[in-house]
Amino acid sequence: MNTLMRMTGIVALALAGAGVTYLVRGAPDRSVPCDPATLKPDEVCLARVIEEWQGDVLWVDARSRAEWQRAAVDGSLLWNIDQQEDMQAFEAEGAMQMMDGRRVVVYCSNENCGVSRQVADRIRAMQLGNEVFVLRGGWRALEVAGTKGPPTRSGAEPR
Amino acid sequence: MRTICLLWMMLAGGLSGASLTFEKTLLELTLAADATTATVDFPFENKTDKPVTIARVDKTCSCLAAEVQGGKLTYQPGEKGVVRAAFDLGNFTGVVDKTVVLWLDRDQRDQPSVTLTVRVHIPVLVAMDQKTLKWSLDAAPKPQRIDLRINYNKPIRVLKVTSSSELFKIELKTLQEGVHYELWVTPLEMKQPGIAVIRIETDCEIARHKLQQVFAVVRRDLPGKGVTTP
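Residues numbered from 1 in each chain as written. Chains lettered and ligands numbered in written order. Predicted model: local features only at pLDDT ≥ 70, side-chain atom pairs only at ≥ 80, totals over all residues.

## Quick notes on the overall build of chain B
Spelled out, the test is: The helix count covers DSSP runs of H or I at least four residues long, the strand count covers runs of E at least two residues long, and both are numbered beginning at the N terminus. Backbone-placed C-beta atoms define the burial measure: a residue is buried with 20 or more other C-beta atoms within 10 Å of its own, exposed with 12 or fewer, and partly exposed in between. Once C-beta atoms have been placed from the backbone, residue pairs whose C-beta atoms lie within 7 Å are recorded as contacts.
Per the secondary structure count, chain B includes two helices and 17 strands. Taken over 230 residues, chain B has a buried fraction of 26%. Summarising the internal contacts of chain B: among those between residues at least 6 apart in sequence, 65% fall at separations of at least 24.

## Thoughts on the domain arrangement of chain B
Residues and elements named next belong to chain B. Our working rule: Here the limits of each domain have been adopted from an automatic or database domain assignment.
If you check the domain split of chain B, you get domain 1 (19–122) and domain 2 (126–219). Just the C-alpha atoms count here: the centres of domain 1 and domain 2 sit 39 Å apart. Facing five residues of domain 1, the contacting portion of domain 2 comprises four residues.

## Description of the sheet that holds strand 13 (residues 158–163) of chain B
Basically, it comes down to this: At least two bridges found by DSSP between two strands are what make those strands a pair. Lines fitted to the C-alpha atoms define the axes, with helices restricted to the stretch that makes contact. Angles between their N-to-C directions range from 0 to 180 degrees.
What the four strands build is an open sheet, ordered 11-17-16-13 (chain B); its pairing is mixed. The two strands at the open ends of the sheet, each matched to only one other strand, are strand 11 (132–136) and strand 13 of chain B. Shown here is a sheet whose adjacent strand axes are inclined to one another by a mean of 15°, direction ignored. Contacts between helix 4 (residues 87–97) of chain A and the sheet are confined to strand 16 (194–202) and strand 17 (211–219) of chain B, with strand 17 of chain B contributing the most and set at about 0° to the helix.

## Some points on the interface of chain A and chain B
Stated precisely, the cut-off is as follows: Only Asp, Glu, Lys and Arg are considered charged, only Ala, Val, Leu, Ile, Met, Phe, Trp, Tyr, Cys and Pro nonpolar, and every remaining residue, Gly among them, polar.
On the side of chain B, 30 residues touch chain A, which itself brings 28 residues to the contact. Ranked by the residues each element gives to the side of chain A that touches chain B, the list is headed by helix 4 of chain A, at six residues. Grouping the amino acids of the side of chain A that touches chain B by side-chain chemistry returns twelve nonpolar, twelve polar and four charged.

## Structural notes on the environment of Ala12(A)
Residue and element names in this part refer to chain A. With respect to the secondary-structure elements, Ala12 resides in helix 1 (residues 2–25). Residue classification places Ala12 among the exposed positions, given that 10 C-beta atoms sit within 10 Å. Once the C-alpha coordinates of Ala12 and Thr38 are considered, the two residues, 26 residues apart in sequence, prove to be 39 Å apart.

## A few points about the environment of Arg140(A)
Residue and element names in this part refer to chain A. Position of Arg140 relative to the elements: it lies in helix 6 (residues 138–145). Under the C-beta neighbour-count criterion, Arg140 is labelled buried, with 21 such atoms within 10 Å. Distance in space between the C-alpha atoms of Arg140 and Arg102 is 23 Å, their sequence separation being 38 residues.

## Details of the pairing of strand 16 of chain B
All names here are of chain B. In this structure, strand 13 lies alongside strand 16, joined through five bridges in antiparallel fashion. Residue pairing across strands places Val158 opposite Thr202, the latter belonging to strand 16. With eight bridges connecting them, strand 16 and strand 17 associate as antiparallel partners. What sits directly across from Ala196, in strand 17, is Ala216.

Shown next, in the form of structure tokens:
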């Protein structure tokens, strides 16, 4: 019983400490970390896209069509590798949109999803000459960035 | 106090990184041109001294089915198992990577313990030396060509070439029927940007190789690089 009371005391103290920390420091930072020093050569941080490039890029969404329809970057182009999709239609639409020479930034669900890199490779293989990057943190980074990120739409019909 | 310390040590010990050891996390397959599916096994073993549970198996493409063989998810120390990945090849050609991601019971949401990659080599039967022909705006409208060769044990003939734009003249030259072709493209308008999506239809019996697509582009030079191919 004595042990149980001590444990309860420790838990109560820990909770109190956590509460004070929350009140003093605010909510925890849930932003997706992106250290430029750790980026792979073809990766980019969201901050660079927004601050340095002013968001003037062609966003390519490499997630599933259903996810893209649910919420996506406004004006983004769906381009995944699902075999039900028409890859040549993606290429044709992508080529049209890359005509202006904009940089292309590809995102998928999160930093563990490898699809964005595969789509980026496919875009590069088209040899149009645009610079193509993979967004570190993917859709999760965009979601967390909220108003600091590019405008996103939710539940809207795809273009 | 001693009991509390013991409880704490047991809890902390349980949270330490128990994992599964895979013989290989990258498997490569070279397939026949007409293969439609590919299946690979990733054998693993629990080499730790604690039970390990696979909490979630995720795949990056609807073309991939991944499962732990027998549906068994918890592995005792020394126990072995297999993750099986089946890949529907669809319209893919060339080298394609597909990944399967495994979360173990104590993994954080954004930090799965295991990433398995299937690298599939699918022969390219209709090989082209370029995917896009480019001209700079206001440059001379010099014709450019794409070399098209058939890499198959029987001839594949080009049946039709269509373009999405009338601002480019397209000409197909047959060097050897069913084996070697040249596609010559000449832009007719150099004063304004333009693009043509050129589709090449063949009589290839394998659906994924039947239709090819290339591009012709007239546009302003991109910063730091010209677009004209001599």
